[in-house]
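# Residue-level structure breakdown
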Amino acid sequence: MERRLVLPTVEQVQWADSEIGVIIHLDLTTFRPDYRFREHFGDPIAAAEFDPKHLDTDQWLAAAKALGAKYAVLVAKHCTGFSLWPTKAHDYHVGNSPYKNGQGDIVSEFIASCEKFGIR
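This write-up is about the structure you can find in this document. Note that the structure is a prediction, hence the values are computed from the model and not measured. (Residues numbered from 1 in each chain as written. Predicted model: local features only at pLDDT ≥ 70, side-chain atom pairs only at ≥ 80, totals over all residues. Heavy atoms only, no water.)

## What to know about the overall build of the protein chain
- Along its length, the protein chain carries 3 helices and 2 strands.
- In sequence order, the protein chain lays out its α and β elements as α-β-α-β-α.
- Relative to a compact globule of 120 residues, whose C-alpha radius of gyration would be 14 Å, the protein chain shows 18 Å and is clearly more extended.
- Counting only C-alpha atoms, the protein chain reaches 60 × 40 × 30 Å along its principal axes.
- Burial statistics for the protein chain: of 120 residues in total, 32% are counted as buried.
- Sequence separation of at least 24 residues holds for 62% of the intrachain contacts in the protein chain that already meet a minimum separation of 6.
- Put simply, the protein chain shows about 8,300 Å² of open surface, and 55% of that area lies on carbon and sulfur atoms.
- When the 13 basic and 16 acidic side-chain charges of the protein chain are each reduced to a single mean position, those positions are 4 Å apart. (Helix = DSSP H or I, 4+ residues; strand = E, 2+ residues; numbered from the N terminus. Rg over C-alpha atoms; globule rule 2.2 N^0.38 Å. Buried < 20%, exposed > 50% of the residue type's maximum accessible area, 1.4 Å probe, protein only. Contact = heavy atoms within 4.5 Å. Areas by Shrake-Rupley, 256 points an atom, 1.4 Å probe, with all protein chains shown as cover. Lys, Arg positive; Asp, Glu negative; His and termini not counted. Charge placed at Lys NZ, Arg CZ, Asp CG, Glu CD.)

Written out as structure tokens, the structure reads:
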């Protein structure tokens, strides 16, 4: 049997060299701290409750950069099922909320901030 040396891909090496990263969670439950997902299953929080007045993805990524993060992950759809980007897959998303008058897309904002601060 021939043995071959298996080497990591470029992407695997880049990830391993990143060392520090952040994971950012934002969901409707931020606006309803009393909401218990398992107790209210099937009774979702209305999309109309999602309206972060001072959301600033640049601030998130500036803080991540300051702590030495090389990568960031945004949980774009958490346990409530609410999507932080406008989607045609369902109606439970940021486009049906008051955030930026239904024109917001937090995923796109997050990606732009990552690029601005040089974070993968």
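## Quick notes on the pattern of salt bridges
- Tallied over the full model, the rule gives 3 salt bridges.
- For Asp58, the salt bridge goes to Lys116, with nearest N and O atoms at 2.8 Å. Pair noted here: Asp58 is in helix 2 (residues 57-66) and Lys116 is in helix 3 (residues 106-117), with a separation of 58 residues, a long-range link.
- For Asp58, a relative accessible area of 24% puts it in the partly exposed group.
- By relative accessible area, which is 56% here, Lys116 ends up exposed. (Salt bridge = Lys/Arg side-chain N within 4 Å of Asp/Glu carboxyl O.)

## Description of the environment of Phe117
- The residue Phe117 is located in helix 3 in this model.
- Filtering out sequence-adjacent residues up to four positions away, Phe117 remains in contact with Asp58, Leu61, Ala62 and Lys65.

## Section: the packing of aromatic side chains
- Summed over the entire model, instances satisfying the criterion amount to 4 aromatic pairs.
- Plain terms: the ring middles of Phe50 and Phe82 are 4.9 Å apart, the flat faces sit at 40° to each other, and that makes the pair tilted. Taken together, the residues span a long stretch of sequence, with Phe50 in the loop between strand 1 (21-25) and helix 2 and Phe82 in the loop between strand 2 (71-75) and helix 3 at a distance of 32 residues. Neither Phe50 nor Phe82 differs from the other in exposure class; each is buried.
- On the numbers, 5.4 Å between centres and 80° between planes, the contact of Phe82 with Tyr92 is edge-to-face. A residue pair is termed long-range when its members are at least 10 positions apart, and Phe82 in the loop between strand 2 and helix 3 and Tyr92 in the loop between strand 2 and helix 3 qualify at 10 residues.
- The buried category is assigned to Phe82, whose relative accessible area is 1%.
- Taken together, the ring pairs connect Phe31, Phe50, Phe82, Tyr92 and Tyr99 into an aromatic cluster. (Phe/Tyr/Trp six-rings, centres within 6.5 Å; stacked < 30°, edge-to-face > 60°.)

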